[in-house]
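Single-letter residue listing:
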Amino acid sequence: MTAFQRLLSDLTRRLDAAAASTSTDGSPLLGENVLADSRRLLDLCDGDDQRLRAQHAVGWLHWFRHQMSAGSMDHSELIRALTMLRPVHQERPDVVPPPVREAFDLSLSVGEAADFMDRERLNLRAIEAMGAFERSGDRAQWEEAAAILRRLVAVVPESHPDRPAYLNNLGNSLSAGFGLTRDRTLLDASVEAIRAAVRWTPAGHPDEASRHNNLGNVLRQRHDETDSPDGLTQAVEAYRTAIRLSSPKDPGRPGRLINLAGVLQERDDLDEAVGILRGVLADAGPDDPNLPVAAGNCGATLLRRYRRDHDRDDLREAIGHLQRAVDMTRRQHLFFGTHAENLMSALYEEFMITGDTESLRRAMAVGRRSIEDLDPHRHDRAQRLNTYFVQLYRLFQRSGHTAVLDRAIEVQRSAVDAESRDHKAWGTLRNNLSAALYDRFERTGDEADLREAIAVLDFVVGDSGTDIRSVSYLSNQCGAQLALFRLTRDTAVLDDAVDNARRAVELSDSGHPARPILHNSLGRALRARYSVFQQADDLVQAVAAGRAAVTGARATDSNRATFAVNLGWSLFDLYRLNGDREALAELIGQCSQATSSLTASPLWRLRAAHLTAVALVESDDWPSALHHYLRAVGLLGHVTARDLHRHDQEHGLSLTAGVATEAVAVALRASTAEHATTLLEQGRTQIFSQQLDTRTDLEELRRVAAPLAERLEAVRSQLAETGRQ
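The structure displayed is predicted, hence computed values, not measured ones. (Residues numbered from 1 in each chain as written. Predicted model: local features only at pLDDT ≥ 70, side-chain atom pairs only at ≥ 80, totals over all residues. Heavy atoms only, no water.)

Engineer: Would you mind going over the nonpolar core in detail, with residue names and values included?
Structural biologist: With 60 residues, the main nonpolar core has Leu11, Leu41, Leu82, Met117 and Trp142 as its most contacted residues. The biggest single contributor to this core is helix H8 (residues 139–155), with eight residues. Ile371, Leu385, Phe441 and Ala483 belong to the second-largest nonpolar core, a separate cluster that totals 54 residues. (Core = buried A, V, L, I, M, F, W, Y, C linked by side-chain atoms within 4.5 Å. Buried < 20%, exposed > 50% of the residue type's maximum accessible area, 1.4 Å probe, protein only. Helix = DSSP H or I, 4+ residues; strand = E, 2+ residues; numbered from the N terminus.)

Engineer: Residue-level account of the pattern of salt bridges, with values.
Structural biologist: Enumeration according to the criterion identifies 43 salt bridges in this entry. One salt bridge connects arginine 40 with aspartate 37, and the closest N-O pair in it is separated by 3.5 Å. Here arginine 40 and its partner aspartate 37 are both found in helix H2 (residues 32–43), three residues apart, which amounts to about one turn of the helix. Given the relative accessible area of 23%, aspartate 37 is considered partly exposed. Each of Asp271, Arg305, Arg308, Asp309 and Asp314 takes part in one network of salt bridges that share partners. (Salt bridge = Lys/Arg side-chain N within 4 Å of Asp/Glu carboxyl O.)

Engineer: Which residues make up the side chain of histidine 339, and what values go with them?
Structural biologist: In this structure, histidine 339 sits in helix H17 (residues 334–354). When neighbours within four sequence positions are excluded, histidine 339 is seen to be in contact with Pro292, Val293, Gly296, Leu322, Ala325, Val326 and Thr329. (Contact = heavy atoms within 4.5 Å.)

Engineer: Give a description of the packing of helix H29 (residues 602–618) against helix H33 (residues 659–669) that names residues and reports values.
Structural biologist: Closest axis-to-axis distance for the H29/H33 pair is 12 Å, and the angle between their directions is 35 degrees. Between H29 and H33 lies a crossing whose hand is left-handed. Across the interface between the two elements, Leu606, His610, Val614 and Val617 from H29 touch Val659, Glu662 and Val666 from H33. Broken down by class, the residue content of the contact of H29 with H33 amounts to five nonpolar, one polar and one charged. (Axes fitted to C-alpha atoms, helices over the stretch in contact; angles between N-to-C directions. Left-handed = near helix turned anticlockwise from the far one by under 90°. Nonpolar A, V, L, I, M, F, W, Y, C, P; charged D, E, K, R; others polar.)

Engineer: Could you give me a rundown of the packing of helix H15 (residues 291–309) against H17, with the residues and numbers involved?
Structural biologist: Across the interface, H15 lies against H17 with an axial gap of 10 Å and an inter-helix angle of 35 degrees. Every pair of crossing elements has a handedness; the one defined by H15 and H17 is left-handed. Packed against H15, whose contacting residues are Pro292, Val293, Gly296, Ala300, Leu303, Tyr306 and Arg307, the element H17 presents Phe335, His339, Asn342, Ser345, Ala346, Glu349 and Ile353 at the interface. When the residues that make up the contact of H15 with H17 are grouped by side-chain class, the tally is eight nonpolar, four polar and two charged.

Engineer: Now, about the side chain of histidine 321: what can you tell me, with residues and values included?
Structural biologist: Within the secondary structure layout, histidine 321 lies in helix H16 (residues 312–328). Among the residues examined, histidine 321 registers a relative accessible area of 14% and is labelled buried. Ignoring anything within four residues of it in the chain, the contact list for histidine 321 reads Leu281, Ala295, Gly296, Cys298, Gly299 and Leu302.

Treat this as a map of the structure, not an account of what it does.
See the structure below:
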């Protein structure tokens, strides 16, 4: 017997034993020593007949070894088996394993045949990778899943019964990829893949309902991106079909109802959407995995309905559901960011009603939680950081804490760094950073902040062209340019500011939510140019723009008081230009109303009261003027609130310098000396009196309410520490 015959006989005997073995681990029979013998066998081949016999045996060896590696994603043994068995299949297809024969009958390459034969293991691995991506946001997991599913779809023929499942999974992965990359080709390919999956799924198939549901998902996603007129209608039809095909006990039915409610919300069918979601919540058990999503979606839908109908019961219920969704969702989960953003929006709406900054602080706490321990490579990192920035910025605007503004700028710099320039949110992130830098310049006078604010916007204004998002960029650039003009007195900069503000208004339609802000910017810019060139047309246009800003803002808008004051100064200039008493009366009406705004910052309420009083003095209405001066001086304590740092308190006083002195003069003119004395003391001792108040003896309070005294002592200590910072 030759060496070739001996090795072939020994290998055949081992293969027969492995085939007959009931053990799943055949490594003792087909270990590394057998691999060494197989290589020697191939080297000893003499002629085509011997090589074919050797390839047949070695191919079966690697086939068995591949089967022993169940669960592994390593295809190396399968590739070796297919490489050996391909020439055998050409001569004697009946002697190769049936799965190999099926793959080769499809004229697949060795690599394609390996994917085709190992498709179930590949599909399971892709599903696992997508699950990991949804839990962690890890882009590498999505890339692995998408690559596997593309390979599977490429090698499975249309007539194969498993192809619809692979198409469905591929479509879902491409949809997720669009969320990562904003690549429209992925979204279109996703719709195409799932449409094909639905088309090839036979009626009555167990997955028929879920595939119609997935089609609804991607159609809705494409509508959100392209605003196609029939996108929502098609999505609703797909979801309704999915629900109709679901039995009452189908575990996927609640999720399909949630999806239908979501698309109904987008179509403004809010009442039906709320009813569906309330039903899902009522039927869900405490451990139902649909519960956080249902609660989050119900909260978001109620919030949207509140903004339409202004029913406060809807807002309260929305906050409750959204808080529940946030509490039940892991911070790393993709949905957490959405739930948190909606909860913060609802809390801000609550603040807009009540003026209670505790709502803002709660929103800020949610935002802080959403960015804690966040992977620096997450695709939604920039969005979460920006959402937290918005809450910090709102709190600064309401409270005047410079430390809060510093933190907001720090957070937004991170958001800008985390987002690529080609992402559609890139401009918004930089625009927000510019606005915060401008506000810090207004607070500190640091020209570097102003220059950076303008430079940051130069990028996005140049990129945006006529994009509707450019309107807010242009508006903010106008504000920064006005500040630069005040520094440099460069009238070319002033003209640029007017042009940018006018262009922003022209680019926005009447329903644009930022339109009041844009009109306010235009009014400020035109009034600034009037102050230089004294062209009456600029002032008339400034008044018109200011009126549009005030009338376009909601009554609860925290900026409305700011718009009213800016309009008021333009009206005052118009009065001084031509003695227009109607302009003066309009000023008094707008600013006196702004003084009472609960959501406006104390500084702008004080400015409104002050300007009202100045206008009333012009009208020789001294008692009414004194009334508004009393309101203005009374607000000094809020501008220099106890919880502000000392330098913030001093800055607030610097912005209101002269108000108390004017008030005293008006009190004397109105023959109320007692008011004059009170006003003088209030204006001169704001910060000092607060310090004295925090030192009041608490001994009597301790005797009647010791816990309350201890709490007050702790608060006083915190306030004292704040003042030293």
